[in-house]
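An overview of the molecular structure
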Amino acid sequence: MTESARDGEYDEWLDSIESDDGYYLECSNGHGWLPPRRVCPRCHDQELSAVDLPESGEIASHTTITVPTPQFEDDAPYVTAIADFGPVSVTGLVRDVDPDDVAIGDVVGIDVGERVTTGDRAVVFRPR
Amino acid sequence: MSDPRIAGASVTHFGKHPERTGRDLFAEAGLEALSQSGIDPDDAEALYYGNFMGELAEHQGHQGPLMAEAIGLDVPATRVEAACASAGTAVREAVKTIRNGEAEVVVVGGAERMTNIGTAAATDALAIAADDLYEVRAGMTFPGAYALMARSYFDQYGGSHEDLAHIAAKNHEHALVNEHAQIQQEITVEDAMEAPTIADPLGLYDSCPITDGAAAAVLTTEAYAEEHDLDAPVAITGTGQGGDNLALQDRPHLAQTPAADKAAEEAYGDAGVGPDDVDFAEVHDCFTIAEVLAIESLGFYERGEGIAAARNGETTRDGDLPINLSGGLKAKGHPVGATGVAQLATVAWLLDGSHPRADAVPDSTVGVAHNAGGTVASTTVHVMEVQE
Ligand SMILES: [Zn+2]
């Protein structure tokens, strides 16, 4: 594990996912964002409140990465995907499924895993 | 208000020059552009300079004054960083400076040194154009991000990897006569289809290479050009810039580039032209799918129809709307911070007839340059026209 200071609300958000208590921030017009975020960039609303993240999401797009950055050298090949969870979308690693079997529309749950290469925490999606 | 004239432009060879410093690359391009312009360097009043990964690749920040010094200028010098759109954004600053009367002669350029740190470190450096917390830590690479966009495009509009392969083959063919190009090698659609995968559905030939290089141009006013009897027939008549959420996950569409829509609309409005007036364009094809998204945002094609343009022969050099006659980033190469000015130079040379592919657009009067940063969270569009 890399020794470094925590990244504020981002690490708090990962903690919440890890303890099955995931949330996102929603403005009063229903736009969803991930923290840290003080204002809705779509409507300028600053009244953001934490809302429970839906338990499952849907894969919006995915790719199997074979040429990684050095921080993912031992992870490759791996699948990175964007999954939609209600009004918010999240980018994460898809695990526990053959990369060839990942498809748009697949239903996934969200979790926190470790990068093989560095042991750092990462958002992980698993089929549900 | 005077539309800036391009008095001189130069690019270095784009390719692998791991032993050459950024300052040396930029000096080559900048000195040549100044020399070509016929302008006394003492008349230059500002430098805008694009660079993206100087801190990582050369441990060098504060490159504005360094690069002014490298070309012998003692002027206010500003580095502009907007990922791969750094130089396009520098052009925009230079245009504004001339238009608002702050200066009569401005040098604009950019350089990037990338191959000295190797493919893995360069992949890492390019990735930081994405959102570090939410994308890079989820394994996102630059090709990976475009792969997500490509797969989303196929899902929403149709199209296939084979369509993209036609774009790669086209741009390689265009680059065959471009001595500045990194890759002067013909490839077939089959070659592109069979190349190793980087981030599926994108393979090695869907991706631009990692490139060292520099580009520079000298801009001046119409009055200065006339007074000094300069040969500067091409003017920048329209400039536009658009932005978007940095992370792909925060955008409503993964298969559209609204930052480019906004930049194009602004640039066309500024120049008083529309997409139908454009004779050719240099667009930011860092990946083959990026060319598709660009020609749709520029209004040349409806959404979902740009994918077939190369396959149908419409954007090839003998087509109605040649795209990337230089070979594009795909074959010409993509020294990130230099690309926007290299596009500017290419469009100017195609318009004045001095580019080796100018025979493809013999009577052209309007060309466009489209320069995109990251996954198109930044875009500049510039319209250039021949003035009489
Ligand atoms: Zn809102």
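Residues numbered from 1 in each chain as written. Chains lettered and ligands numbered in written order. Predicted model: local features only at pLDDT ≥ 70, side-chain atom pairs only at ≥ 80, totals over all residues. Heavy atoms only, no water.

Considerations on empty space enclosed by the protein
All names here are of chain B. Which entries qualify depends on this criterion: The pocket and cavity definitions rest on a 1 Å grid over protein atoms only: a 1.4 Å probe that fits but cannot leave marks a cavity, an open set with protein on both sides within 12 Å along at least five of seven lines marks a pocket, and residues lining either have an atom within 4 Å of a point. Grid points are joined across faces, edges and corners, and a volume is the space filled by probe spheres set on the points. Segments assigned H or I by DSSP are reported as helices when at least four residues long, segments assigned E as strands when at least two residues long, and all are numbered from the N terminus. Residue polarity follows a fixed list, in which Ala, Val, Leu, Ile, Met, Phe, Trp, Tyr, Cys and Pro are nonpolar, Asp, Glu, Lys and Arg are charged, and the others, Gly among them, are polar.
This model, assessed by the stated rule, comprises five cavities of 30 Å³ or more. Of the voids in this model, the largest cavity is the one considered here, and its volume is about 60 Å³. Looking at the largest cavity, the residues that line it are L126, A127, A129, A130, E135, M140, T141, F142, A145, L246, G374 and T375. Elements that contribute at least two residues to the lining of the largest cavity include exactly α5 (118-127) and α6 (142-157). Residue classes in the lining of the largest cavity are distributed as eight nonpolar, three polar and one charged. One number sums up the size of the second largest cavity: a volume of about 50 Å³. If you go around the second largest cavity, the residues you meet are V11, F14, N178, H180, K332, A342, T346, W349 and H355. Looking at which element gives the most residues to the lining of the second largest cavity, the answer is helix α13 (residues 339-352), with three residues.

Focus on the coordination of the zinc ion
Each donor-metal-donor angle would ideally measure 109.5 degrees in four-coordinate tetrahedral geometry, or 90 or 180 degrees in six-coordinate octahedral geometry. All names here are of chain A. What counts is decided by this rule: Only N, O and S atoms count as donors, using a 2.8 Å cut-off from the metal and 3.2 Å for Na, K and Ca, and because water is excluded some sites may appear unfinished. Under this scheme a four-donor centre is tetrahedral when all angles range from 85 to 135 degrees, a four-donor centre is square planar and a six-donor centre octahedral when opposite donors are above 155 degrees with the rest from 65 to 115, and any other centre is irregular. Note on exposure labels: buried denotes an accessible area under 20% of the residue type's maximum, exposed denotes more than 50%, and partly exposed covers the range between, all computed with a 1.4 Å probe on protein chains only.
At the metal site, the zinc ion is ligated by C27 (SG), H31 (ND1), C40 (SG) and C43 (SG), and these contacts range over 2.1 to 2.3 Å. With four donor atoms in place around the zinc ion and angles of 102 to 119° between them, the coordination shape is tetrahedral. Read N to C, the donor residues that coordinate the zinc ion are spaced as C-x3-H-x8-C-x2-C. Of the two residues, C27 sits in the loop between β1 (23-26) and β2 (32-33) while C40 sits in the loop between β2 and β3 (49-52), which places them 13 residues apart along the sequence. Accessibility expressed as a relative area gives 4% for C27, which makes it buried.

Looking at the UniProt feature "domain: Thiolase C-terminal" (unreviewed entry) in chain B
Defined as follows: UniProt positions are given in the numbering used here, feature names are shortened, and annotations may be inferred rather than shown by experiment.
Mapped onto this structure's residue numbering, the UniProt feature "domain: Thiolase C-terminal" (unreviewed entry) falls at residues 240-385 of chain B. Helix makes up 29% of residues 240-385 of chain B and strand 16%, whereas the separation of the span's terminal C-alpha atoms amounts to 15 Å.

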